[in-house]
Amino acid sequence: MSTISITVDGAARTVESDQRPTHIYAEAKEIVVCKINGVLKDLWTDLVEGDSLEGISISSPDGLAVLRHSTAHVMAQAVQQVFPGTRLGIGPPITDGFYYDFDPANPFNPDDLEKIESAMRKIVKDGQRFKRRVTNEADALKELASEPYKCELIGIKGGGTDETNVEVGGAELTIYDNLGRDGQAIWSDLCRGPHLPSTKHIPAFKLMRSAAAYWRGSEKNPMLQRIYGTAWPSQDELNGYLELLAEAEKRDHRRLGQELDLFSFPEEIGSGLAVFHPKGGIVRRAMEDYSRKRHEEENYEFVYSPHLTKAALFQKSGHLDWYSEGMYPPMIMDEELHADGTVKRAGQQYYMKPMNCPFHNLIFQSRQRSYRELPLRLFEFGTVYRYEKSGVLHGITRARGFTQDDAHIYCTKEQMPGELDSLLTFVLNLLRDYGLEDFYLELSTRNPEKSVGEDADWVEATEALRKAALAQNLELVLDEGGAAFYGPKISVQAKDAIGRTWQMSTIQVDFQLPQRFELEFSASDGSRQRPVMIHRALFGSIERFFGVLTEHYSGAFPPWLAPVQVMAIPVADTFSDYLSDVVKQMKSAGIRAELDDSDDRMQKKVRNAQMQKIPFMIIAGEEDVKAGAVSFRYRNGDQKNGIPIADAIAEIKKTVADRLQV
Ligand SMILES: [Zn+2]
Ligand SMILES: [Zn+2]
């Protein structure tokens, strides 16, 4: 047997020429796929002289994607076993799982999913090898004559979307055969691979649900049935994921929004457009008031701008060139018609604003600006409207109308590094004040193919952002080439109470808008200079941040944000008057207190207050009345007895003022 020289994970090795990665990694059970010369390949791939081999662990992003796609592949095999004649669509991996689209005789029901799942378990136990076979268009079309969707994919080979690329995106057209113990193909699928070495390498999986989905995402195409599933490197990881889903479901802000009477999306208004109810209004106002106060302390100036504008403003800003798909369509105003309906005087196009920046630029430009005024920090709670596709809308975290806590900072080049540094500190501290603690930062740098502005400006701004980020001692992730065409940015990613990451604030340098608007200030030497413009939204939008906080706190807001801070519950009716007076005192001390004087029994009242997640229950009975005191009962059931009324008020006020959780 001849030998070949290859590199294995960076080290030179000489191996026999019939050795494949599956032999080389025989002892490394976590290696389920590999890269050969940088390209992801099956472990069964033949090696040649000079190859550079890299083992890919099942727990790495590539490994997880291959695990999940291979499980989708097994699911398709099981579906055709259990429901013969079902036609196949596509089956890509997605975040935390996979799906596969099918055209079955009838839509799947939960019982069907169980049947499919147990057929999958048999296939996994069988340990069928995934074998790659190169074919050509003519042969594939013949072989797959009974699979019209696959045939359609063969027709668009290379020109597909990311998702269809799973099947046909490779340089060659390939079919994978699942081999039984006797080496015979049991089942085959058009697929570009790669896959796990065999089905027994799937450690843990679960089918989640089925849903209707149009073939290749277009409503002009037939409606297929999509089954979603998930797969993990171990049963423990699968269990952990299912627990996280259950916890996320309990915390879902759309559900809590209804249970706690915070907001709703009335059908009559339209999707993605929320109304806030009185209780949600209190939370929102508390969020806004605190933000406003902190912005005042940081020398922001408050401005206001209208919700709609003539098209010319968004032509000038460029939004109509590169953002029009995200905007609501225009309305025509002031059009005059002849009696016969023909146009006498053409109307004006008006647009709802998707962003506030152009308005702030007009405010900057409303008079001559001097260097003495810079940095000029314009702040607005600006409501914007964006035409999001209905499929991506998600409660108040992804809506069509929302209010940004938006600011634009105009400064000199020299001021920019200091401004970015203090801005980032301000942003992070404010997020901490709302109860988020775990952050990392992402720096998006220039894409040289697609950007405006001078090289030197980009370097300077990117370095200033990097320095500001490093000064925070937080993890910094590079998003190389990920910046918008008009400037680099930092985004703040926050982890919530159950470890999910949310993109919160962004700090964006802009080289484009000051140019388009020809913004200028007079410098100390009398020359006209262009300011640097920084966009920054801190919450992103108030609605979205509201949704994130609702899920972070699972609706149990800290007292400073809670719609009702105190619920007074008498042990019996006779103590109602006493508590009514306590509530009055609390209200005049600025505490949001209520008395439950309903006919319910005390235990029911406690349960109701707990369901409403009210931070303080104050309870009074015989002894409390005698002592001029109340008892505290907290959401977790803990109780503190015999607190004099004045002390109780002082304690609640302090908790609110210090924004503490109880
Ligand atoms: Zn496949
Ligand atoms: Zn902006």
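This structure is a prediction, so every number in the text was calculated from the model and none was measured. Note on numbering: residues in each chain are counted from 1, in written sequence order. The lettering of chains begins at A and the numbering of ligands begins at 1, in the order of writing. For this predicted model, a pLDDT threshold of at least 70 governs which residues receive local features, and a threshold of 80 or more governs which side-chain atom pairs are given and counted, while totals over whole chains, interfaces and linings are taken from all residues. With hydrogens and water stripped out, all remaining heavy atoms of the structure feed into the side-chain values.

Enquirer: I tried to follow the pattern of salt bridges on my own but got confused; where do I start?
Expert: Opposite charge on two side chains permits them to pair, given that their charged atoms come into close proximity. Here a salt bridge means any side-chain nitrogen of Lys or Arg lying within 4 Å of a carboxyl oxygen belonging to Asp or Glu. Applying the stated rule across the entire model yields 39 salt bridges. Between R398 and E388 there is a salt bridge, with its nearest N and O atoms 3.0 Å apart. You can see R398 sitting in the loop between β22 (376-385) and β23 (401-411) and its partner E388 sitting in the loop between β22 and β23, a full ten residues away along the chain. Relative accessibility thresholds used throughout: buried, under 20% of the residue-type maximum; exposed, over 50%; partly exposed, between the two (1.4 Å probe, protein chains only). By relative accessible area, which is 37% here, R398 ends up partly exposed. Each helix is a run of DSSP H or I of at least 4 residues and each strand a run of E of at least 2, with the numbering of both proceeding from the N terminus.

Enquirer: I would appreciate a short explanation of helix α7 (residues 235-251) in the present structure.
Expert: For an α-helix, 3.6 residues make a turn, and residues three or four places apart therefore share a direction. To estimate how far a helix should reach, multiply one less than its number of residues by 1.5 Å. With 17 residues, α7 ought to run about 24 Å at 1.5 Å a step, and its terminal C-alpha atoms sit 24 Å apart, in line with that. The set of residues buried in α7 consists of L238, Y241, A248 and R251. Down the axis of α7, the sector holding all buried residues measures 145°, keeping them to one side. Those residues of α7 that are exposed and angled more than 90 degrees off the buried face are D236 and E243. On its buried face, α7 is in contact with β12 (204-214), β13 (223-232), α8 (253-259) and α16 (542-552). Note: the arc covers the axis-to-C-beta directions of the helix. Here, two residues are considered to be in contact whenever any of their heavy atoms come within 4.5 Å of each other.

Enquirer: Please clarify how the coordination of the zinc ion (ligand 1) should be interpreted in this entry.
Expert: Each donor-metal-donor angle would ideally measure 109.5 degrees in four-coordinate tetrahedral geometry, or 90 or 180 degrees in six-coordinate octahedral geometry. Donors, by definition, are the N, O and S atoms found within 2.8 Å of a metal, the threshold being 3.2 Å for Na, K and Ca, and water is not counted, so a site can look incomplete. Bound to the zinc ion (ligand 1) on the protein side are H69 (NE2), H73 (ND1), C191 (SG) and H195 (NE2), at distances that span 2.0 to 2.3 Å. Geometry at the zinc ion (ligand 1) is irregular, judged from its four donor atoms and the angles of 86 to 138° they form at the metal. Of note, the zinc ion (ligand 1) draws all its donor residues from one chain, in the sequence arrangement H-x3-H-x117-C-x3-H. With a gap of 118 residues between them, H73 in helix α2 (residues 61-82) and C191 in the loop between β11 (185-190) and β12 connect regions that are remote in the sequence. Across the pair, exposure class does not vary: H73 and C191 are buried alike. Metal sites are grouped by the angles between bound donors: all angles between 85 and 135 degrees with four donors is tetrahedral, opposite donors over 155 degrees apart with the others between 65 and 115 is square planar for four donors and octahedral for six, and any other pattern is irregular.

Enquirer: Mind showing me how you'd approach helix α3 (residues 110-126) here?
Expert: Between its terminal C-alpha atoms α3 stretches 25 Å, which fits the 24 Å expected from 17 residues at 1.5 Å a residue. Taken as a whole, α3 has its buried residues at D112, L113, I116, E117, A119, M120, I123 and V124. Of the surrounding elements, those touching the buried residues of α3 are α2, β12 and β13. Just downstream of α3 lies G127, where phi reads positive at about 60°.

Such coordinate-based values are descriptive only and should not be taken to indicate function.
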